[in-house]
Amino acid sequence: MEKITHKIYGDSPGKQTELVCFKLGSEQAGRKVYLQAALHADEQPGILVLHHLLKLLKQAEEQGLLTAQFVVFPMVNPLGMGDIGFRQHQGRYDRASGVNFNRNWPDLFKAVGTQVAAQLTDNAQQNIQIVRSALKAWLAKQQPITALQQQRHIVLQAAFDADFVLDLHCDNEALPHIFTVPQSAAVMQDLSDWMGAAATLFAEDSGGYSFDEVWSTLWLDLAKAYPDKPLPLACHSATLEYRGQFDTFDELNQDDAERLYAFLQSQGLIGGDLIRSRPSVTPTGTDLAATEMTRVQQAGLLAYKVQLGDVVKKGDVLADLIALDGEGALMERIPVLAGTDGVIISRNINKYVWPGCSVAKIVGKEKLEARGEYLLED
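Residues numbered from 1 in each chain as written. Predicted model: local features only at pLDDT ≥ 70, side-chain atom pairs only at ≥ 80, totals over all residues. Heavy atoms only, no water.

What follows is about the nonpolar core. Of all hydrophobic cores here, the largest spans 42 residues; its most connected members are Tyr34, Phe73, Phe211, Trp215 and Trp219. Considering every element that reaches this core, the biggest residue donor is helix α5 (residues 147-159), with seven residues. Residues Ala37, Phe164, Leu191 and Trp194 belong to the second largest nonpolar core, which totals 37 residues. (Core = buried A, V, L, I, M, F, W, Y, C linked by side-chain atoms within 4.5 Å. Buried < 20%, exposed > 50% of the residue type's maximum accessible area, 1.4 Å probe, protein only. Helix = DSSP H or I, 4+ residues; strand = E, 2+ residues; numbered from the N terminus.)

So this is what it looks like as structure tokens:
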């Protein structure tokens, strides 16, 4: 196992940050797995999951069981980890630019899609290598300036040729769930089963250029642009939501790590006997546009009426919002209603909310017109 420390030079004099990653397995293995956690730096269960996974991967490497190369960034956003003010950690947005750390990643098809057109062949594996070579060359030409650009450039260079990109996040208060593209449904069903996920949510384009989507979107866009050439989905990428922000516990996240390790075994990326027996089947994936992100229209204090995992019907009361101003201040309770049938997979840990706050995710089966093209929470 090789530990690599990258230097990020800050946007003000005297500031420097370290970004650490680990490499295991051979670069000649033929397949590559990229894993990272805490891109949203205020979401830390994934750090502990990868902490435990690294130990398992190290043991597997020592036993000669790794059949792929693994690149692991257990804490991929040191810039966000430093976002501490008034004794509170934030970490979701870059303070210098205002950009959400998991939004506005580059459109890789725009970067190399036209360039590779004349080079594509009738051989799928050759086409994958042609595209990845173009990506490598494009990345080599980039000149990152700001600290955020430097951090992203390091990450892009580490992930561009991976066959699996798994980005570990968490929600406010939630059951485990997955965001991915529908073309990866079979692989992600396997991952969902091992994770014990309550939902797998599909979208080809959720609207925010989140980190996991840029990899799958590249191959989907290439296939659409050049339908006469064999261009398979060369990267299965996903965001793995490991419950809520407060679910960072040794025993719990070690279990998560073993489950993730078992998934990697089931995909033929690690040899040996399965670390644990195969789990029960979890719910099949649904369209992200069928998931309602219930929002409130005014400030108030939430009093929930539902628990995680509850099945609700449209019109059911999810919570009462205790008014904090106006004629009914501190006496009136305004019901917050479900806008669709489905399962509650997340709630808000903050009970004081303001206009536009999301207070629940309801995973339904029927697409909701009101969701529009931007399907993410913020």
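Across the sheet, four strands lie side by side as β17-β16-β14-β19; this open sheet has antiparallel pairing. In this open sheet, the two strands that pair with only one neighbour each are β17 (333-337) and β19 (352-353). Pairing analysis gives five bridges linking strand β14 (residues 300-304) to strand β16 (residues 317-323), with the strands arranged antiparallel. Residue pairing in the sheet places Leu302 in a bridge with Leu321 of β16. (Pairing = 2+ DSSP bridges.)

To continue, consider the side chain of Glu292. Secondary-structure assignment places Glu292 in strand β13 (residues 291-295). In this structure, Glu292 is buried with no salt-bridge partner, the nearest side chain bearing the opposite charge being Lys314 at 7.9 Å. Only 2.6 Å separates the side chain of Glu292 from the side chain of Thr294, close enough to count as a polar contact. A polar contact is formed between the side chain of Glu292 and the backbone nitrogen of Gly339, at a distance of 3.0 Å. Discounting residues that sit within four places of it in the chain, Glu292 has contacts with Ala338, Gly339, Thr340, Ala360, Lys361, Ile362 and Leu368. (Lys, Arg positive; Asp, Glu negative; His and termini not counted. Salt bridge = Lys/Arg side-chain N within 4 Å of Asp/Glu carboxyl O. Polar contact = N/O pair within 3.5 Å; in protein donor to acceptor, adjacent residues only side chain to side chain. Contact = heavy atoms within 4.5 Å.)

Within the element layout of this structure, Gln115 appears in the loop between α3 (108-112) and α4 (124-141). Spatially, the C-alpha atom of Gln115 lies 53 Å from that of Asp316, the residues being 201 residues apart in sequence.

The next point concerns the sheet that holds strand β11 (residues 236-244). Strand pairing in a sheet is mediated by backbone hydrogen bonds. Such pairs are either parallel or antiparallel. If you walk across this open sheet you meet the nine strands as β1-β2-β4-β3-β7-β11-β9-β10-β12, and the pairing is mixed. Only two strands of the sheet have a single partner each, and these edge strands are β1 (2-9) and β12 (286-287). As judged from the seven bridges shared by strand β7 (residues 164-171) and β11, these two strands associate in the parallel manner. Within β11, the position partnered with Val165 by the bridge is Ser237. In the packing of helix α6 (residues 185-195) onto the sheet, contacts are made with β7, β9 (177-180), β10 (199-202) and β11, and the angle to β11 comes to roughly 25°. Strands in contact with helix α8 (residues 250-266) are β3 (32-37), β4 (69-73), β7 and β11; relative to β11, the strand with the most contacts, it is inclined by about 160°. (Axes fitted to C-alpha atoms, helices over the stretch in contact; angles between N-to-C directions.)

The next thing to look at is the pattern of salt bridges. Tallied over the full model, the rule gives 21 salt bridges. Across the salt bridge formed by Lys32 and Asp161, the nearest N and O atoms sit 2.6 Å from each other. Separated by 129 residues along the polypeptide, Lys32 in strand β3 and Asp161 in the loop between α5 and β7 bring together distant segments of the chain. As a salt-bridge pair, Asp190 and Arg278 come within 3.0 Å of each other at their nearest N and O atoms. A residue pair is termed long-range when its members are at least 10 positions apart, and Asp190 in helix α6 and Arg278 in the loop between α8 and β12 qualify at 88 residues.

Moving on, we come to α6. Along α6, nine of the eleven residues are buried, which leaves the element largely enclosed by surrounding structure. Val187, Met188, Gln189, Asp190, Leu191, Ser192, Asp193, Trp194 and Met195 are the residues of α6 that are buried. Those residues of α6 hidden inside the fold are in contact with β7, β9, β10, β11 and α8.

What follows is about the packing of aromatic side chains. Within the structure shown, the criterion is met by six aromatic pairs. Seen in terms of ring centroids, Tyr34 and Phe211 are 6.0 Å apart; in terms of plane orientation they differ by 45°. Their pairing is tilted. You can see Tyr34 sitting in strand β3 and its partner Phe211 sitting in helix α7 (residues 211-225), a full 177 residues away along the chain. Just as Tyr34 is buried, Phe211 falls in that class too. Considering the side-chain rings of Phe211 and Trp215, the 5.8 Å spacing of their centres and the 75° angle between planes classify their relative orientation as edge-to-face. (Phe/Tyr/Trp six-rings, centres within 6.5 Å; stacked < 30°, edge-to-face > 60°.)

The subject of this paragraph is the packing of helix α1 (residues 45-62) against α8. Between α1 and α8, whose axes approach to 8 Å, the crossing angle comes to 50°. The orientation of α1 relative to α8 falls into the category oblique. Handedness of the α1/α8 crossing: right-handed. Across from Pro45, Leu48, Val49, His52, Leu53, Leu56, Leu57 and Ala60 in α1, the residues of α8 making contact are Asp250, Asn253, Gln254, Asp256, Ala257, Glu258, Leu260 and Tyr261. Its residues assigned to classes, the contact of α1 with α8 comprises ten nonpolar, three polar and three charged. (Parallel < 35°, antiparallel > 145°, perpendicular 65-115°, else oblique. Left-handed = near helix turned anticlockwise from the far one by under 90°. Nonpolar A, V, L, I, M, F, W, Y, C, P; charged D, E, K, R; others polar.)

What follows deals with the pairing of strand β2 (residues 16-24). Where β1 and β2 come together, eight bridges link them in antiparallel fashion. Looking at β2, one finds that Lys3 is bridged to Phe22. What sits between the antiparallel neighbours β1 and β2 is a turn of six residues, in which Gly14 has the positive phi angle 85°. Here three bridges tie β2 to β4, and the two strands are oriented antiparallel to one another. The residue bridging Leu24 from the neighbouring strand is Phe70, located in β4.

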